[in-house]
Amino acid sequence: EIRAYQTQLEGLSKEKDSLNNTLKELDITKKKLQTDITVTQKKIDKTNFTIQGLSSDISNKEDVILDSKESIKSGIRQTNELESGDFLVHLISRDNFTSIWNDIDNISTLRKKTEEEIVRLKQIKGELEDTRQTSIDAKNELLSLKSKLSDQQKIIIQNANEKNKLLQQTKNSETNY
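Thresholds applied
- Residues numbered from 1 in each chain as written.
- Predicted model: local features only at pLDDT ≥ 70, side-chain atom pairs only at ≥ 80, totals over all residues.
- Heavy atoms only, no water.
- Helix = DSSP H or I, 4+ residues; strand = E, 2+ residues; numbered from the N terminus.
- Buried < 20%, exposed > 50% of the residue type's maximum accessible area, 1.4 Å probe, protein only.
- Contact = heavy atoms within 4.5 Å.
- Salt bridge = Lys/Arg side-chain N within 4 Å of Asp/Glu carboxyl O.

Draft legend 1. Region of interest: the overall build of the chain. Along its length, the chain carries three helices and zero strands. Going through the 177 residues of the chain one by one, you find that 21% of them count as buried. Sequence-distant contacts, at least 24 apart, represent 94% of the contacts inside the chain between residues at least 6 apart.

So, in structure tokens, the structure goes:
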């Protein structure tokens, strides 16, 4: 009987070591997951900050586009006003050739500025589209990170439940002995 009891004690000792190792493994896993959660949360915060910056950039570019549109409209209107009258009547009504030349030069300058503004507007529009795409990508990354964070939190809860289950089983085994 003593040998049987000794064998049972040795078996219990091995079970105790196995349980301790399992509990330590669960604790280490929990700590690793908590660190992963912290890293993921920092990534989420960084992505939120990036999205805010991109939103601000988008807003600024939209304002610049509106201003550019108004500038182009004004340039076209002024050019049209200068060109709309009968050019021959305009030439005759001028006192000297210099004022006629100035009017022609003003029309040319207005056209050139309007063309430059149109090119600038196209460039800003392209940048705006790029910024919007970057913002969409950042939002998708944010959703992915939040999903990952949720999964990590679920694993920690599952890990804690498993640990509690092992401890409960151990208490039940102790009670039986």
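Read on for the rest.
Draft legend 2. Quick look at the environment of E116. Position of E116 relative to the elements: it lies in helix α3 (residues 97-176). Counting along the chain gives 44 residues from E116 to I72, while the straight-line C-alpha distance between them is 9.4 Å.

Draft legend 3. Geometry of the side chain of K61. Relative to the elements of secondary structure, K61 occurs in helix α1 (residues 2-84). Among residues more than four places away in sequence, those in contact with K61 are I124, E127, L128 and T131.

Draft legend 4. Representation of the pattern of salt bridges in the model. Inspection of the entire model under this criterion finds six salt bridges. For the salt bridge of D36 with K32, the shortest nitrogen-to-oxygen distance reads 2.8 Å. Of this pair, D36 and K32 are both found in helix α1, four residues apart, which corresponds to roughly one turn of the helix. A salt bridge links K73 to E70, with the shortest nitrogen-to-oxygen separation between them at 3.6 Å. With a gap of three residues between them, K73 and E70 both fall in helix α1, about one helical turn apart. K73 sits in the partly exposed class, given a relative accessible area of 44%. What you see here is one network of salt bridges that share partners, running through D57, K61 and E127.

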